[in-house]
Amino acid sequence: MPRKTPAKSPLDVLLADTQLLVARLLRENRSLKAHNQRLASELDRVSRGWDKIKELARQAPRKTRR
């Protein structure tokens, strides 16, 4: 006769599900932190560009008003 596999208790199922969800959250958190770092770098780059544009605009000759 084939052996019956022991039924998993609800607690074991809950523990396994929780472990999977925690692992998924940790992976997603790492991914989001990396994405956030890339966005922060891009923001710094764009901000420096705008600062340069403002600096050049202040140096540009202006027409005199009549």
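Just above, that's the structure.
Residues numbered from 1 in each chain as written. Predicted model: local features only at pLDDT ≥ 70, side-chain atom pairs only at ≥ 80, totals over all residues. Heavy atoms only, no water.

Enquirer: Please give an account of the overall build of the chain that cites residues and values.
Expert: For the chain, the helix and strand inventory stands at one helix and zero strands. In the chain, which comprises 66 residues, the share counted as buried stands at 0%. Accessible area of the chain: about 7200 Å², with a carbon and sulfur share of 59%. (Helix = DSSP H or I, 4+ residues; strand = E, 2+ residues; numbered from the N terminus. Buried < 20%, exposed > 50% of the residue type's maximum accessible area, 1.4 Å probe, protein only. Areas by Shrake-Rupley, 256 points an atom, 1.4 Å probe, with all protein chains shown as cover.)

Enquirer: If you had to explain the pattern of salt bridges to someone new, which residues and values would you point to?
Expert: Under the criterion given, the structure shown has two salt bridges. Between Arg 45 and Glu 42 there is a salt bridge, with the nearest N and O atoms lying 2.6 Å from each other. Of this pair, Arg 45 and Glu 42 are both found in helix α1 (residues 10-59), three residues apart, which corresponds to roughly one turn of the helix. Overall, the relative accessible area of 47% leaves Arg 45 in the partly exposed class. The exposure class of Glu 42 is partly exposed, given its relative accessible area of 38%. Between Lys 52 and Glu 55 there is a salt bridge, and its shortest N-O distance comes to 3.9 Å. Here Lys 52 pairs with Glu 55, and both are found in helix α1, just three residues apart, close to one helical turn. (Salt bridge = Lys/Arg side-chain N within 4 Å of Asp/Glu carboxyl O.)

Enquirer: Before we move on, could you go through a nonpolar patch on the surface and cite the residues and values that matter?
Expert: Taken together, the side chains of Val 46, Trp 50 and Ile 53 present a nonpolar region at the surface, about 300 Å² in accessible area. Position of Ile 53 among the secondary structure elements: in helix α1. What makes Ile 53 partly exposed here is its relative accessible area of 46%. (Patch = residues over 30% accessible without salt bridge, like charges linked within 9 Å, V, L, I, M, F, W, Y side chains within 5 Å.)

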